[in-house]
Amino acid sequence: MSERKVHTVLQAISFLLLVWLVNQLADRANFKLDLTEEKRYTISDATKRLLSSSNEEVTFEVYLDGDLPPNFERFKKSIAEMLERFEEESSGKVQFK
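Every chain is numbered independently, its residues counted from 1 as its sequence is written. The predicted nature of this model means local features are confined to residues of pLDDT at least 70 and side-chain atom pairs, given and counted, to a pLDDT of 80 or more, with totals for whole chains, interfaces and linings taken over all residues. Side-chain descriptors were evaluated using all non-hydrogen atoms of the structure, hydrogens and water having been removed beforehand.

Draft legend 1. Quick peek at the overall build of the protein. Numbered from the N terminus, helices here are DSSP runs of H or I no shorter than four residues, and strands are runs of E no shorter than two. Scanning the protein from terminus to terminus reveals 3 helices and 2 strands. Its helices and strands taken in sequence order, the protein reads α-α-β-α-β from the N to the C terminus. Here the C-alpha atoms of the protein give a radius of gyration of 22 Å, more than 25% beyond the 13 Å that 2.2 N^0.38 yields for 97 residues. Within the protein, buried positions represent 10% of all 97 residues. A separation threshold of at least 6 residues defines the contact pool for the protein, and within that pool the share at least 24 residues apart is 61%. For every accessible area listed, the method is Shrake-Rupley and the probe measures 1.4 Å; residues are considered covered only by the protein chains on display. Summing over all exposed atoms, the protein offers an accessible surface of approximately 8,600 Å²; the carbon and sulfur share of this is 58%. When charges are counted, Lys and Arg are positive and Asp and Glu negative, with His and the chain ends excluded. To locate a charge, the coordinates of NZ of Lys, CZ of Arg, CG of Asp or CD of Glu are taken. Computed over 14 positive and 17 negative side-chain charges, the inter-centroid distance for the protein is 7 Å. The reference for a compact globule is 2.2 Å times residues^0.38; the radius of gyration itself is calculated from the C-alpha atoms. Burial status follows relative accessibility: with a 1.4 Å probe on protein chains alone, a residue under 20% of its type maximum counts as buried, one over 50% as exposed, and anything between as partly exposed. The contact criterion used throughout is that any non-hydrogen atoms of two residues lie within 4.5 Å.

The structure is reproduced here in structure tokens:
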């Protein structure tokens, strides 16, 4: 193999390893960007303090199930995502059904 081919193969392998590494790091990182103007999906600092300082478990029961119109399906998904973030911020003290 010529030196040029070896260099090209090493570059390709390096690139693939870099892509794999970035993918692994992104998979482990848990961050979300709220690009809405009104910061609709951002948990306020006061809410974060409340969730992290709570000594009691809190359970939310959400009654949005069954055959729902698409608007309500999106609403259901956004509520579930927000409650998951509450659960993360509270170190598992917030639960939902």
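On we go from here.
Draft legend 2. Examining a nonpolar patch on the surface more closely. Each patch is built from residues lacking any salt bridge and having more than 30% relative accessible area; the joining distance is 9 Å for like charges and 5 Å for nonpolar side chains (Val, Leu, Ile, Met, Phe, Trp, Tyr). In what follows, salt bridge is the name for a side-chain nitrogen of Lys or Arg lying within 4 Å of a carboxyl oxygen of Asp or Glu. Where nonpolar side chains cluster on the molecular surface, the patch consists of M1, V6, V9, L10, I13, L17, W20, L21 and L25 and spans about 930 Å² of accessible area. Within the fold, W20 resides in helix α1 (residues 3-28).

Draft legend 3. Looking closely at the pattern of salt bridges. Enumeration according to the criterion identifies 2 salt bridges in this entry. For E38, the salt bridge goes to R40, with nearest N and O atoms at 2.5 Å. We note a salt bridge from K76 to D65, for which the minimum N-O separation is 3.2 Å. Note that K76 is positioned in helix α3 (residues 70-89) and D65 in the loop between β1 (58-60) and α3, a separation of 11 residues in sequence.

Draft legend 4. Highlighting the side chain of R85. If you trace the backbone, R85 turns up in helix α3. Buried charge without a partner: R85 forms no salt bridge, and the closest opposite charge is E88, 5.5 Å away. Excluding residues within four positions of it along the chain, R85 makes contact with K32, Y41, T42 and I43.

Draft legend 5. Local environment of unusual backbone geometry. At K39, a residue that is not glycine, the phi angle is positive and equals roughly 55 degrees. Tracing the chain through its elements places K39 in the loop between α1 and α2 (45-53). Of note, the phi angle at S91 is positive, near 55 degrees, even though the residue is not glycine. Position of S91 relative to the elements: it lies in the loop between α3 and β2 (94-96). Among the residues examined, S91 registers a relative accessible area of 65% and is labelled exposed.

Draft legend 6. Fine view of the confidence of the model for the protein. In this model, the protein carries a mean pLDDT of 87, and residues with pLDDT of at least 70 account for 98%. What pLDDT reports is the predictor's confidence in each residue, on a scale of 0 through 100. Put simply, β2 is where the protein has its lowest mean pLDDT, 86, and α1 is where it has its highest, 92.

Draft legend 7. Highlighting the nonpolar core. Nonpolar cores were defined as sets of buried Ala, Val, Leu, Ile, Met, Phe, Trp, Tyr and Cys residues, with membership established by side-chain atoms within 4.5 Å. Core analysis: the biggest nonpolar cluster contains 5 residues, these being I43, L51, L83, F86 and V94. In this view, F86 contacts I43, T47, L51 and V94; residues no more than four positions away in its chain are not counted.

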